[in-house]
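Geometric and topological summary
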Amino acid sequence: TSGSFNFTIQCLGDRTIFTRKSAQEIATFVFPFLDTKQKRDTLENLFNPLFGAAEQLREELSLIESDKLKPYFEVLQSCVELSLAHNREDSIGTILVKMNAEKCLHTLILKSGNDKLPVQAGRLMVAIFAKHAAESDARRVEYETKTLSLIKQILNRGYLRSALHVLSESLFCWSNLKLADNFHVQLSRLMVSQ
């Protein structure tokens with residue numbers, strides 16, 4: 001309520017490694033204890049630098065840009081993974097979908113000039129897909145298809161290593177959904193074939 005947590009989020013962009021790392025640890029620890037409105041505000045604050053990078057006019061985002069965005073990706077990834085692993089009914093998947101997170105992450109993957117950004121954006125995107133599918137079983141098949149399409153898209157860009165990282169994250173995230181057993185088999189086969 002004092003706004004100090006927002007200051008912690010701002011510290012993710014700090015130049016000193018210690019400050020960034022401390023901010024990551026605090027944000028990841030505190031996030032599960034926030035109420036729905038605070039979570040929505042925090043997710044928006046965490047996504048703002050990603051939206052800014054996606055709107056840049058440059059044809060390809062540089063490695064330096066990927067490194068600047070890394071702390072935001074890591075906190076977002078941790079928040080979604082923890083929510084999935086503990087089966088929390090916090091609707092953060094729905095919040096992120098309504099924020100157009102998928103479009104932002106997709107744009108970052110298309111603009112990437114290196115293999116780091118597709119790993120970061122792809123891993124977060126499949127975690128969001130799994131989380132939203134956990135919240136809305138009626139859309140599970142749609143998000144399974146989107147997960148496979150994302151992996152193929154990264155492969156088509158020529159980033160095999162990135163695609164394997166995203167595929168590994170997909171296996172982890174989707175393993176938290178009991179009704180997605182058949183999809184785990186598809187992902188495992190895809191992993192072996194690569």
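It should be noted that the structure appears before, not after, this text.
Quick look at the structure, then. (Residues numbered from 1 in each chain as written. Predicted model: local features only at pLDDT ≥ 70, side-chain atom pairs only at ≥ 80, totals over all residues. Heavy atoms only, no water.)

**Remarks on the packing of aromatic side chains**
Any two aromatic rings considered together are summarised by their centre-to-centre distance and by the angle between their planes. Using the following cut-off: Side-chain rings of Phe, Tyr and Trp (the six-membered ring for Trp) are treated as a pair once their centres are within 6.5 Å; stacked means planes under 30 degrees apart, edge-to-face means over 60, and tilted covers the remaining angles. Relative accessibility under 20% of the residue-type maximum defines a buried residue, over 50% an exposed one, and the middle range a partly exposed one, all with a 1.4 Å probe and only protein chains included. Each helix corresponds to a stretch of at least 4 residues labelled H or I by DSSP, and each strand to a stretch of at least 2 residues labelled E; elements are numbered beginning at the N terminus.
In the structure shown here, the tally under the stated rule is three aromatic pairs. Each ring, one from Phe-29 and one from Phe-33, has its centre 5.6 Å from the other, and the planes form 55°; the classification is tilted. In this structure Phe-33 comes out as exposed when scored by relative accessible area, which is 64%. With a centroid separation of 5.4 Å and an interplanar angle of 40°, the aromatic rings of Phe-47 and Phe-51 are classed as tilted. One end of the pair, Phe-47, and the other, Phe-51, are both in helix H3 (residues 36-54), four residues apart, so they sit about a helical turn from each other.

**Structural notes on the pattern of salt bridges**
For clarity, the cut-off: What makes a salt bridge here is a side-chain nitrogen of Lys or Arg within 4 Å of a carboxyl oxygen of Asp or Glu, nothing more.
Evaluation of the coordinates by the stated rule reveals 14 salt bridges. Across the salt bridge formed by Arg-161 and Asp-115, the nearest N and O atoms sit 2.7 Å from each other. In this pair, Arg-161 sits in helix H9 (residues 160-174) while Asp-115 sits in the loop between helix H6 (101-111) and helix H7 (116-135), placing the two residues 46 residues apart along the sequence. Glu-169 is the partner of Arg-123 in a salt bridge, and the nearest nitrogen-oxygen pair spans 2.8 Å. With Arg-123 in helix H7 and Glu-169 in helix H9, the pair connects residues that are 46 residues apart, well separated along the chain. The exposure class assigned to Glu-169 is buried, which follows from its relative accessible area of 6%. Look at the salt bridges and you will find they share partners, linking Lys-39, Asp-90, Lys-131 and Glu-135 into a network.

**A word on unusual backbone geometry**
Positive phi outside glycine occurs at Ser-91, with the angle close to 55°. Along the chain, Ser-91 turns up in the loop between helix H4 (63-85) and helix H5 (92-98). Take Ser-91: its relative accessible area is 29%, and that puts it in the partly exposed class. Positive phi, close to 65°, is recorded for Asn-100, a residue that is not glycine. Within the element layout of this structure, Asn-100 appears in the loop between H5 and H6. According to the relative accessible area criterion, Asn-100 is partly exposed, its value standing at 47%.

**Looking at helix H8 (residues 140-156)**
Test applied: For a helix, the expected span equals 1.5 Å multiplied by the residue count minus one.
Taking 1.5 Å as the rise per residue, H8 with 17 residues should run 24 Å; its terminal C-alpha atoms sit 24 Å apart, in good agreement. For H8, the full list of buried residues reads Arg-140, Tyr-143, Glu-144, Thr-147, Leu-148, Leu-150, Ile-151, Gln-153 and Ile-154. In the stretch just after H8, Gly-158 is the one whose phi turns positive, near 90°.

**As for the environment of Phe-183**
Structurally, Phe-183 can be placed in helix H10 (residues 181-193). With 38 residues separating them along the chain, Phe-183 and Thr-145 place their C-alpha atoms 9.5 Å apart.

**Let's talk about the environment of Ala-134**
Put simply, the rule reads: Here, residues are in contact when the closest pair of their heavy atoms is within 4.5 Å.
Relative to the elements of secondary structure, Ala-134 occurs in helix H7. Put simply, Ala-134 and Phe-33 are 101 residues apart on the chain and 20 Å apart in space, counted from C-alpha to C-alpha. Sequence-distant contacts of Ala-134, that is, excluding residues within four places in its chain, are made with Leu-84 and Leu-177.

**Details of the nonpolar core**
Applicable threshold: Put simply, buried Ala, Val, Leu, Ile, Met, Phe, Trp, Tyr and Cys residues joined by side-chain atoms within 4.5 Å make one nonpolar core.
Formed by 56 residues in total, the largest nonpolar core has its most connected members in Phe-47, Leu-50, Phe-73, Leu-105, Leu-108, Leu-124 and Trp-174. Top element by residues in this core is H7. It accounts for 10 residues. Ignoring any residue separated from it by four or fewer positions in sequence, one finds Leu-105 in contact with Phe-47, Leu-50, Phe-73, Ala-121, Leu-124, Met-125 and Ile-128.

**What to know about the packing of H3 against H6**
Filter applied, for reference: Axis lines are fitted to C-alpha atoms, over the contacting stretch for helices. Their N-to-C directions set the angle, which ranges from 0 to 180 degrees. Angle categories are assigned with fixed cut-offs, so that under 35 degrees is roughly parallel, over 145 is roughly antiparallel, 65 to 115 is roughly perpendicular, and the rest are oblique. Each crossing is labelled by how the near helix is turned from the far one, with a counterclockwise turn of less than a right angle marking it left-handed and a clockwise turn marking it right-handed. Residues are grouped as follows: nonpolar covers Ala, Val, Leu, Ile, Met, Phe, Trp, Tyr, Cys and Pro; charged covers Asp, Glu, Lys and Arg; every other residue, Gly included, is treated as polar.
Packing of H3 against H6 leaves a shortest axis separation of 9 Å and a crossing angle of 50°. As far as their axial angle goes, H6 and H3 are oblique. Considering how the two elements wind past one another, H3 and H6 form a crossing that is left-handed. Counted together, Phe-47, Leu-50, Phe-51, Ala-53 and Ala-54 of H3 and Ala-101, Cys-104, Leu-105, Thr-107, Leu-108 and Lys-111 of H6 form the full contact between these two elements. Residues of the contact of H3 with H6, tallied by class, amount to nine nonpolar, one polar and one charged.

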